[in-house]
Amino acid sequence: ERQKPPSTQKPPPEKSQQTSERPSKLPQPPPPITMIPSPPDSSWPDAWLMPPAECTDQKAPNRRSPNVPVTAPQLRSLGISYWHLDPSSHSYPPLAVPWNPQDSPDPHL
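Residues numbered from 1 in each chain as written. Predicted model: local features only at pLDDT ≥ 70, side-chain atom pairs only at ≥ 80, totals over all residues. Heavy atoms only, no water.

1. Notes on the pattern of salt bridges
Here the idea is simple: oppositely charged side chains can pair when their charged atoms come close. Condition: Whenever a carboxyl oxygen of Asp or Glu lies within 4 Å of a side-chain nitrogen of Lys or Arg, that contact is scored as a salt bridge. Numbering of helices and strands runs from the N terminus; a helix is a DSSP stretch of H or I covering at least four residues, while a strand is a stretch of E covering at least two. The buried label goes to any residue with under 20% of its type's maximum accessible area, the exposed label to any with over 50%, and the partly exposed label to all in between, with areas taken from a 1.4 Å probe on protein chains only.
Applying the stated criterion across every chain, the model contains 1 salt bridge. With its nearest N and O atoms 2.3 Å apart, the salt bridge here joins Asp41 to Arg76. Separated by 35 residues along the polypeptide, Asp41 in the segment before α1 (72–77) and Arg76 in helix α1 bring together distant segments of the chain. Residue Asp41 is classed as partly exposed on the basis of its relative accessible area, which comes to 39%. Its relative accessible area of 36% is what places Arg76 among the partly exposed residues.

2. Observations regarding the packing of aromatic side chains
Heads up, the condition is: Centres within 6.5 Å make a pair out of two Phe, Tyr or Trp rings, where for Trp the six-membered ring is used; the pair is then stacked when the planes are under 30 degrees apart, edge-to-face when over 60, and tilted otherwise. Over a ring means this: the NZ of a Lys or the CZ of an Arg is within 6 Å of the ring centre and within 35 degrees of the ring normal.
Per the stated rule, a full pass over the model turns up 1 aromatic pair. Where Trp44 meets Tyr82, the ring centres are 5.5 Å apart and the plane angle is 50 degrees; that geometry is what we call tilted. You can see Trp44 sitting in the segment before α1 and its partner Tyr82 sitting in the segment after α1, a full 38 residues away along the chain. Exposure remark for Tyr82: the relative accessible area of 23% places this residue in the partly exposed category. The ring centre of Trp48 lies 3.7 Å from the NZ or CZ of Arg63, which sits over that ring.

See the structure below:
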């Protein structure tokens, strides 16, 4: 007779005794996330499908003929988000560039 190999399965874990003690401090939930509402679909920028051929001029519109527009819901389904931030509602530092281009050794600046 052949002997059975030793079992490789682990025995089920023993049930631990549950206590009625509660932890002294429960973790606090994270603060709520402030969501910026997405603008209406009519304010999204134009989007379209590109032609199937290789683009030779990346600066050209590269639209299909006839044009195949892509809607805001289609863009959202792809994970694309769009927000319009009003620049007049923000304050900016007086000097946006932290260095003076005239101080640069690069003659093209």
